[in-house]
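# Examination of the molecular architecture
Below, each chain spelled out in residue letters.
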Amino acid sequence: MTSGMEIDEENNNNESKGGMWDLEQKLDQPMDEEAGRLRNMYREKKFSTLLLLRLAYQSLGVVYGDLGTSPLYVYNNTFPHGIDDPEDVIGALSLIIYSLTLIPLLKYVFIVCRANDNGQGGTFALYSLLCRHAKINTIPNQHRTDEELTTYSRSTFHEHSFAAKTKRWLEAYPFRKNALLILVVVGTCMVIGDGILTPAISVLSASGGIKVDHPKMSNDVVVVVAVIILVGLFSLQHYGTDRVGWLFAPVVLLWFLLVGGIGIYNIWKYDSSVLRAFSPVYIYRYFRREKREGWTSLGGIMLSITGTEALFADLAHFPLSAIQLAFTVVCFPCLLLAYSGQAAYLMQNTDHVVDAFYRSIPESIYWPVFVIATLAAIVASQATISATFSIIKQALALGCFPRVKVVHTSKKFLGQIYIPDINWILMVLCIAVTAGFKNQSQIGNAYGTAVVIVMLVTTLLMTLIMLLVWHCHWAVVLIFTVLSLVVECTYFSAVLFKLDQGGWVPLVIAAAFLLIMYVWHYGTVKRYEFEMHSKVSMAWILGLGPSLGLVRVPGIGLVYTELASGVPHIFSHFITNLPAIHSVMVFVCVKYLPVYTVPEDERFLVKRIGPKNFHMFRCVARYGYKDLHKKDDDFEKKLFDNLFMFVRLESMMDGCSDSDEYSLYGQQTQHSRDNGSSSTANIELSYSSMDSIAPVKSHPHRNNTITSSGHESGQTEVDEMEFLNSCRDTGVVHILGNTVIRARRESRFYKKLAIDYIYAFLRKICRENSVIFNIPHESLLNVGQIFYV
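For the structure given in this document, a descriptive report is provided here. (Residues numbered from 1 in each chain as written. Predicted model: local features only at pLDDT ≥ 70, side-chain atom pairs only at ≥ 80, totals over all residues. Heavy atoms only, no water.)

So, on to the overall build of the chain. A tally of regular secondary structure across the chain gives 29 helices and 13 strands. For the chain, the share of sequence-separated contacts (at least 6 apart) that also reach a separation of at least 24 residues comes to 83%. Accessible surface for the chain amounts to roughly 32900 Å². Of this, 59% is attributable to carbon and sulfur atoms. (Helix = DSSP H or I, 4+ residues; strand = E, 2+ residues; numbered from the N terminus. Contact = heavy atoms within 4.5 Å. Areas by Shrake-Rupley, 256 points an atom, 1.4 Å probe, with all protein chains shown as cover.)

Laid out in structure tokens, this is it:
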């Protein structure tokens, strides 16, 4: 750097995100309203009482549908062979009461839900938090500049603390990183299993009400009705929940009030002594009396807490305080009353356990309750299906799922998406489960297996969150982990007894998705490693000269690569086989970060590669796991806007040699090509080498004519801007690498099977990059290459 370059280091860290610079005057300006909103939207908000009540009401329809429909089938699955002793009902009710208190209320609503990623919940949200606090990402494509994003929030800890030791232990070996990823993927696969089993058991249980009123009706009729409802449910998914979402909250609220009211009626009419179940003594007596049968019945008891994971996964839609209020004021008491009312009915009607819910309804309101129950089952299924779409989208962003089509169904709500391929797969599997088992008991066994495994995964991830993110004392972490594992492992041991009675279904489904996801991730990592190891050195580029040893034809070439630094091997492969390249080359990297979203004005990072007369640039587009890469012309337009902005701002950095590289990141606004003007933006220029980027800021009181060569510098900027515009008008060509990976001849059999057959098949059926980026065929150029792993 020359002496003419001044570096303002004062308040460097604070200005890296919030400082605003006027492009024309280069004077400090306060943060504008939009930037302030972006920063403050992730902080804890205080809501007025009226707004909090409204949000709590709305959360009922989105969050609690699955948990609320459990009374339809819990007692049936708890006593599949009937009730031998009425006292067993008291024991089962006591288990349900304490299960609801310990797991959904204490663990999830008041502890786990606080471990959200800027409001986002679910296993991938926990994993993204861990990836920011420890270097455990299996694809090391992150850069220091990514940590300066508004949404990239993380805390620091003392070097000798227990958290630091845990962090070093996790980062020490790749095996531990892979094990953690597999744990997250297993949890994801079980959530997908929930997306199949929840509609099956909820709709089938609700449809069973027809047979209760008509005892002579064949069970096949109930199955056919359930299948018709399921087909209709999945067929309407492409409309999204935005258009019918206003119905969800009143349906679920009415459902909770009905089951709670019916529970009060049954307690009063049949047997108020069931309230003894609030004493945990009856749990001990239940196990002592029933022994093994009582233990295996836990598989049915735990169905009372199904939907708890959906509660955490759907956290993004509402503030935590609204969800806590809705659960403690409406859901929890209504569910306790519903289960207590059914228990009171069963105390005097032990032979009605198969249809306990519908049998306990007063005749005068039977059919209205049946309609509401069916609607509530549809709402519960809808919430689980939507959660499945969201978590697959997150897996896709982490490189753990094949590229599938993702469609936004709402312009107002970013999280409402629809994945056509997954929707039809879920429908086929759901109908197969419903028609194959034909009864709630076996589906319930399968459902319980999926739910308890997801809970175990969440507990293990929460242990790391409490250590690395919350910095809790190890004793507190130990108490939480031990208590959670004792309860959940007890349930897990119970569902193991029912693996041969339907519990194997989610394991098979999860194993299939786990194989797909792990093989895809393995192939993605190997492709990235190949790109990293075979990238072209800067010395080789410089040795080619300004023309790169070839004819430079007018136009702009966009080379898509997975590398965020360095020149990809595809470029050398391309120029080795073709006699000409474009006058301007831009290497485009689209990468996903462990954050839920990247604000639009912080999305692009632009660098120059080599001297200015090479006209080579790199543009990195960064996305979060909730962001959707829009397949329209906006991406290309914004890319060029940021590229032109970079060229203009680069002229402020005089005194640098032509071989220097610069980066532009921070808040960007729309840049007009027509008049060359631009509005206020957050300007940060970084001087970088091939290995590092160090922030360098332009002085606020300098202008383009600060040096004796200022006029020449400004003229150079104008010339390059005209050159880029003329090249863009000439035409843009998109160059994609079609990399094929194969297993080496000496590889083991399972590796050949995974790479040559499974991964190759997934690559063939998944969406092409050209479709994802919406690249027109007439401007697309595929460059193929094969490498062996």
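Running from N to C, helix H9 (residues 174-207) and helix H21 (residues 440-468) point in directions that differ by 150°, and their axes come no closer than 8 Å. In this view, H9 runs roughly antiparallel relative to H21, as classed from their interaxial angle. The handedness of the crossing between H9 and H21 is left-handed. Residue classes in the contact of H9 with H21 are distributed as 21 nonpolar, 5 polar and 1 charged. (Axes fitted to C-alpha atoms, helices over the stretch in contact; angles between N-to-C directions. Parallel < 35°, antiparallel > 145°, perpendicular 65-115°, else oblique. Left-handed = near helix turned anticlockwise from the far one by under 90°. Nonpolar A, V, L, I, M, F, W, Y, C, P; charged D, E, K, R; others polar.)

With that settled, consider helix H26 (residues 634-650). Look at H26: 24 Å from first C-alpha to last across 17 residues, which is about the 24 Å you get at 1.5 Å a residue. In terms of residue burial, H26 counts as a mostly covered element, since 13 of its 17 residues are buried. (Expected span 1.5 Å × (residues − 1). Buried < 20%, exposed > 50% of the residue type's maximum accessible area, 1.4 Å probe, protein only.)

Once that is clear, we can look at a nonpolar patch on the surface. Nonpolar side chains collect at one region of the surface, where Phe162, Trp474, Leu478, Val482 and Val486 lie side by side and expose about 490 Å² of accessible area between them. The greatest single-element share of the nonpolar patch, amounting to 4 residues, is contributed by helix H22 (residues 474-496). Examined against the element boundaries, tryptophan 474 turns out to sit in helix H22. Residue tryptophan 474 is classed as partly exposed on the basis of its relative accessible area, which comes to 47%. (Patch = residues over 30% accessible without salt bridge, like charges linked within 9 Å, V, L, I, M, F, W, Y side chains within 5 Å. Salt bridge = Lys/Arg side-chain N within 4 Å of Asp/Glu carboxyl O.)

Attention now moves to the packing of H21 against helix H23 (residues 504-533). Where H21 contacts H23, the two axes come as close as 6 Å, and the packing angle between them is 55°. Between H21 and H23, the crossing angle belongs to the class labelled oblique. Residue-level inspection shows Ala446, Thr449, Ala450 and Ile453 of H21 in contact with H23, the latter providing Val505, Pro506 and Leu507. Residues that form the contact of H21 with H23 fall into these classes: 6 nonpolar, 1 polar and no charged.

Right, let's get into helix H20 (residues 420-437). For H20, which comprises 18 residues, the first-to-last C-alpha distance of 26 Å matches the rise-based estimate of 26 Å (1.5 Å per residue) to within 8%. All of the buried residues in H20 are Pro420, Ile422, Asn423, Leu426, Met427, Cys430, Ile431, Val433, Thr434 and Phe437. Relative to the axis of H20, the buried residues are bounded by an arc of 160° and lie together on one face. Exposed positions of H20 whose direction lies more than 90 degrees from the buried face are Val428 and Gly436. (Arc of directions from axis to C-beta.)

This part is about the pairing of strand S5 (residues 551-560). Pairing between S5 and strand S6 (residues 580-592): 8 bridges, direction parallel. Across the sheet, residue valine 551 finds its bridge partner in S6, namely alanine 580. Summarising the sheet, S5 and strand S12 (residues 732-742) pair through 5 bridges and their orientation is parallel. Bridging across to S12, leucine 558 finds its partner in histidine 734. (Pairing = 2+ DSSP bridges.)

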